[in-house]
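Residues per chain, in single letters:
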Amino acid sequence: MNVMLAYRRAFSLLRENFLLFFTLAFAGIVAVTVIEAVLFGIEYTVYGASIQGDGDEAVINLTSGMVLWGLFSQIILSALSAVLHLAAWDVMRGAAPHPMAYINRAAQMILPLFLLSIVVGVVVGLGLMLLIFPGIYAFGIFAVLVPVIVIEGRGFEALIRCIEMSRGRRWRIAFSFTGTIVLLFAAMMVSGAVIGVVGSSIGALLAINTVVSSLVLAFFAIFTTEIYGQLVADEA
């Protein structure tokens, strides 16, 4: 597995197909943002401000609504991730992109995408809380879960497939994503600098956060698909 090659190819694919990946990611992020703003208000969407209700019952209802929205937004983001991975796979193979086909595929596989993402998130989170390294190791096992589900059309057996694909390379897979973490922090610093220049109005914050989130999500999907492609090639 050549990590540096994966990064070079990921940057190259994003640059050469910027309009495709940015449009897909941007549309998904905007959809989540708009629905959240309608449900809880623009201030909550931008600042994460606490929501207060009139009376205990109102607060309970709002809290329940936020929990339900958290689950629903995870479904949307799972579908968006699937769409981006499918687009990356086609671009990697030189195939013409078909966004509607990606959306249909994501809809067909949404149940395992949603449920297994939660399962893996819990496993990795618990591992990080324990001694950090168990969580990193678990991430190395399941890093390519989304492409396994949507590209190979696997359901809940995708967990077993990830275990098989990652055998003997789990630490290398996990630490290959170190660069994406560095890029995330760099993006946060750049967005903070831009906000410092243009001001911290709601409109500016919303626009910058949406653009940065779209770019980070798109690159992460492309890089993950590159790693998946190398694992598949190594099996051949």
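Computed from a predicted model, the values in this text were never measured in an experiment.

## Let's talk about the nonpolar core
Most often, soluble globular proteins keep nonpolar side chains buried together rather than apart.
Then, number 1: One finds Phe21, Ile149, Val150 and Phe223 to be the most contacted residues of the largest nonpolar core, which totals 53 residues.
Then, number 2: Here the element with the most residues in this core is helix H4 (residues 56-92); it accounts for 10 residues.

## As for a nonpolar patch on the surface
Then, number 1: On the surface, a cluster of nonpolar side chains totalling about 670 Å² of accessible area is made up of Val67, Leu68, Leu71, Ile118, Val122, Leu126 and Met129.
Then, number 2: Contributing elements (two or more residues each) for the nonpolar patch: H4 and helix H6 (110-131).
Then, number 3: Position of Val67 among the secondary structure elements: in helix H4.

## Some points on the packing of helix H1 (residues 3-16) against helix H12 (residues 202-235)
Then, number 1: Viewed as axis vectors pointing N to C, H1 and H12 meet at an angle of 135°, and their least axial separation amounts to 9 Å. Classified by the interaxial angle, the pair formed by H1 and H12 is oblique. The chirality of how H1 crosses H12 is right-handed. Along its contact with H1, which presents Val3, Leu5, Ala6, Tyr7, Arg9, Ala10, Phe11, Leu13 and Leu14, the element H12 presents Ala218, Phe219, Ile222, Phe223, Glu226, Ile227 and Gln230.
Then, number 2: When grouped by side-chain class, the residues that make up the contact of H1 with H12 number 13 nonpolar, 1 polar and 2 charged.

Cut-off values and rules
Per-chain numbering applies: the sequence of each chain, read as written, is numbered from 1 onward. In view of the model being predicted, local features appear only for residues whose pLDDT reaches at least 70, and side-chain atom pairs are presented and counted only at 80 or more, with totals across whole chains, interfaces and linings using the full set of residues. Each side-chain value is derived from all of the structure's non-hydrogen atoms; neither hydrogens nor water enter the calculation. Here, nonpolar core means buried Ala, Val, Leu, Ile, Met, Phe, Trp, Tyr and Cys residues that are tied together by side-chain atoms lying within 4.5 Å of each other. Burial classes: relative accessible area under 20% of the type maximum marks a residue as buried, over 50% as exposed, and values in between as partly exposed (1.4 Å probe, protein chains only). Here a helix means four or more residues in a row that DSSP labels H or I, a strand means two or more in a row labelled E, and each is numbered from the N terminus. Patches were defined on residues exceeding 30% relative accessible area and lacking a salt bridge, with like-charge contacts within 9 Å and nonpolar side-chain contacts (Val, Leu, Ile, Met, Phe, Trp, Tyr) within 5 Å. In these tables, accessible area is a Shrake-Rupley quantity obtained with a 1.4 Å probe, and a residue counts as shielded only by the protein chains included in the view. Any carboxyl oxygen of Asp or Glu that lies within 4 Å of a side-chain nitrogen of Lys or Arg is treated as forming a salt bridge with it. Lines are fitted to the C-alpha atoms to define the axes, a helix being fitted only along its stretch in contact, and any angle between axes, read from their N-to-C directions, falls within 0 to 180 degrees. Each angle receives one of four descriptions, namely roughly parallel if under 35 degrees, roughly antiparallel if over 145, roughly perpendicular if within 65 to 115, and oblique otherwise. Two helices cross in a left-handed way if the nearer one is turned anticlockwise from the farther one by less than a right angle. They cross in a right-handed way if the turn is clockwise. It only takes one pair of heavy atoms within 4.5 Å for two residues to be counted as in contact. Each residue is assigned to one of three groups, with Ala, Val, Leu, Ile, Met, Phe, Trp, Tyr, Cys and Pro labelled nonpolar, Asp, Glu, Lys and Arg labelled charged, and all others, Gly among them, labelled polar.

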